[in-house]
2 protein chains.
Amino acid sequence: MQELDQYIQSYFGLEEHEIATIQQLFKPETLKKHDYYLKMGRACERLSFIRSGYLRIFVTQADKEVTQWISTQGYFVTDLSALIFNTPARWHIQALSDTELFTISKSDYQSIGDLIPRWHQLEKLFIAKCFGMLEERVFSLLSMSAEDRYKLLLDTNPALLNEVPLQYLASMLGMSAETFSRIRRKMMEA
Amino acid sequence: MQELDQYIQSYFGLEEHEIATIQQLFKPETLKKHDYYLKMGRACERLSFIRSGYLRIFVTQADKEVTQWISTQGYFVTDLSALIFNTPARWHIQALSDTELFTISKSDYQSIGDLIPRWHQLEKLFIAKCFGMLEERVFSLLSMSAEDRYKLLLDTNPALLNEVPLQYLASMLGMSAETFSRIRRKMMEA
DNA sequence: GCATGAAATTGACAAAAGTCAAGAATTTAG
DNA sequence: CTAAATTCTTGACTTTTGTCAATTTCATGC
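On a predicted model such as this, the values are computed, not experimentally measured, just so you know. (Residues numbered from 1 in each chain as written. Chains lettered and ligands numbered in written order. Predicted model: local features only at pLDDT ≥ 70, side-chain atom pairs only at ≥ 80, totals over all residues. Heavy atoms only, no water.)

Student: Would you explain the protein's contact with DNA strand C in this entry?
Tutor: Residues in close proximity to DNA strand C total 18 residues, the closest being Lys33(A), Thr179(A), Leu166(B), Arg182(B) and Arg184(B). By atom count, sugar and phosphate contribute 66% of the portion of DNA strand C lying within 4 Å of the protein. Here Leu166(B) contributes a backbone N or O atom positioned 2.5 Å from a phosphate oxygen of DNA strand C. Arg184(B) places a side-chain nitrogen or oxygen 2.7 Å from a phosphate oxygen of DNA strand C. For the surface near DNA strand C, the elements supplying multiple residues, two or more each, are α9 (177-189) of chain A together with α8 (166-172) and α9 (177-189) of chain B. By residue number, the principal contributor to the surface near DNA strand C is α9(B), which donates five residues. Looking at the surface near DNA strand C residue by residue, the class counts come to five nonpolar, six polar and seven charged. (Near = heavy atom within 4 Å. Polar contact = N/O pair within 3.5 Å; in protein donor to acceptor, adjacent residues only side chain to side chain. Helix = DSSP H or I, 4+ residues; strand = E, 2+ residues; numbered from the N terminus. Nonpolar A, V, L, I, M, F, W, Y, C, P; charged D, E, K, R; others polar.)

Below, the structure is given as structure tokens:
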């Protein structure tokens, strides 16, 4: 669980013994491609760190499916609202590939604050960081064209383009698969 | 400061004496219409609760201006990332009308955690709630047409339509002022 | 109250993005 | 390795949304 250590360290800046305490609460878990990690409407009973693989967060509504995000190695995944507020999960989370996770149960997650006094404060900072990133994303959706959003993805997360079905990336960027494909060609030619 | 009390109470669920402690740290402040509360690039030195009035959060880039959000009575306003991480403010915040605030300085804000042990935990929940709302907003931008986004605003925040310049609402919804105007007419006629 | 400036509306047009359908390419399962 | 299924690409066309410019409406300061 070396990688989990390192990420917790880099995200939260805890002492060694605190990291050890938290780390013990995470258990290895694997998902096969196409397995669901979470289903919309269900309770969200866990939080996971992605050791390897790709998870797609998406919503189904009426006829169409909207991919909200694709989470990858080195990131956490859950429905935070559902986990914290005990509300029904707002989306599906499904493995796009065989995936290795380190998973903490809701009850163990809730106990961290008792074990490590600084935890709530550090987690607050972590969530605030995520909040700031989402604000940037809203901004990109408000102000950028489809082509610019594509370029932004290319800059910030080029690995994704080779690893997951492009239709999901298109949806995540708020455009149709056809538009995505045409932008892609345009970029190749230029 | 009755209204501040009530909001802190409803948001955070603290004891009376805890609320009193926090409330003392907030000082009344007023802004004239068009005054800036915060300027992009500057340090963000405070957090405020809006007692009355409207504040516009926006970014200027190249030629155009993008309104990220308009904050109103009963909500908090700041650049959270800039406040917490001591980074330059990412946007302007300007009063759209004469505005009354209750304001806490950065240093007092940072001291709350020492005064009220549960604070970090409660604030974590508050920020997580905001995060969840922002996730919903991303979803609306990914999946809804301009017309549907207009209707959503009409449903969730009808008061705004009478109180602030429509061009800013248009921008906040990710459409041009002209499109906004045409949708409006269409809705009137129907 | 009136003059000025800002905001909103409207029309004509242009550009961006979506839809549908067909076919090519790639991936997957046996 | 092959057949089937899925994904990606492409063209033709439609719809949505944006842009520009002209007017009208509204707000503001004197």
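Student: Explain the relation of the copies chain A and chain B here, please?
Tutor: For the pair of chain copies, the relating operation is a rotation around an axis with a shift along it. Turning chain A through 180° and shifting it by 0.0 Å along the axis lays it on chain B, with an RMSD of 0.0 Å. Viewed as a symmetry operation, the transformation between the two copies matches a two-fold axis. Across chain A, the smallest distance between a C-alpha and the rotation axis is recorded for Lys124(A), namely 2.3 Å. Comparing interface residues between copies, 100% of those in chain A also lie at the interface in chain B; the contact surface is shared. (Least-squares fit on C-alpha atoms with pLDDT ≥ 70 in both. Contact = heavy atoms within 4.5 Å.)

Student: What is the right way to look at the interface of chain A and chain B in this model?
Tutor: How big an interface is tends to be stated in terms of the accessible area lost upon association of its parts. At the junction of the two partners, chain A supplies 37 residues and chain B supplies 37 residues. Between chain A and chain B, the buried area comes to about 3400 Å², and carbon and sulfur atoms account for 71% of it. By the criterion of area lost to chain B, the three top residues of chain A are Lys124(A), Phe131(A) and Leu142(A), representing 20% of everything that side buries. Our count for the chain A to chain B interface comes out at six salt bridges. Across the salt bridge formed by Arg90(A) and Glu136(B), the nearest N and O atoms sit 3.3 Å from each other. Joining chain A to chain B, the criterion identifies 14 residue pairs in polar contact (both at pLDDT 80 or more). Contributing elements (two or more residues each) for the side of chain A that touches chain B: β4 (54-61), β5 (64-72), α3 (80-85), α5 (119-143) and α8 (166-172) of chain A. Ranked by residue count, the leading element in the side of chain A that touches chain B is α5(A), at 20 residues. Split into classes, the residues belonging to the side of chain A that touches chain B amount to 19 nonpolar, ten polar and eight charged. (Buried area = accessible area lost by both parts, 1.4 Å probe. Salt bridge = Lys/Arg side-chain N within 4 Å of Asp/Glu carboxyl O.)

Student: Is there a simple way to explain the sheet that holds strand β7 (residues 92-95) of chain A in this structure?
Tutor: Strand pairing within a sheet occurs via backbone hydrogen bonds; the two strands may be parallel or antiparallel. All names here are of chain A. Pairing in this open sheet of four strands is antiparallel, and the strands run β2-β7-β4-β5 from one edge to the other. One side of each edge strand has no neighbouring strand; the edge strands of this open sheet are β2 (36-38) and β5. Strand-to-strand, the axes of this sheet are offset by a mean angle of 30°, without reference to chain direction. Bridge analysis of β4 against β5 gives eight bridges, and the strand direction is antiparallel. Across the sheet, Tyr54 pairs through a bridge with Thr72, a residue of β5. (Pairing = 2+ DSSP bridges. Axes fitted to C-alpha atoms, helices over the stretch in contact; angles between N-to-C directions.)

Student: Got a minute to help me understand the protein's contact with DNA strand D in this structure?
Tutor: What surrounds DNA strand D is a group of 18 residues, the closest being Leu166(A), Arg182(A), Arg184(A), Lys33(B) and Thr179(B). When atoms of DNA strand D within 4 Å of the protein are split into backbone and base, the sugar-phosphate part holds 68%. Within the side chain of Lys33(B), a nitrogen or oxygen atom sits 2.3 Å from a phosphate oxygen of DNA strand D. With respect to DNA strand D, the side chain of Arg182(B) contributes an N or O atom lying 3.3 Å from a base oxygen.

Student: Mind showing me how you'd approach the packing of α5(A) against helix α5 (residues 119-143) of chain B here?
Tutor: The relative placement of two packed helices is expressed as an angle between their axes plus a distance between the axes. Between α5(A) and α5(B), the least distance of the axes is 9 Å, while the angle of their chain directions is 20°. Of the possible angle classes, the one that applies to α5(A) and α5(B) is roughly parallel. Considering only the axes of α5(A) and α5(B), their crossing is left-handed. A per-class count over the contact of α5(A) with α5(B) returns 16 nonpolar, four polar and eight charged. (Parallel < 35°, antiparallel > 145°, perpendicular 65-115°, else oblique. Left-handed = near helix turned anticlockwise from the far one by under 90°.)

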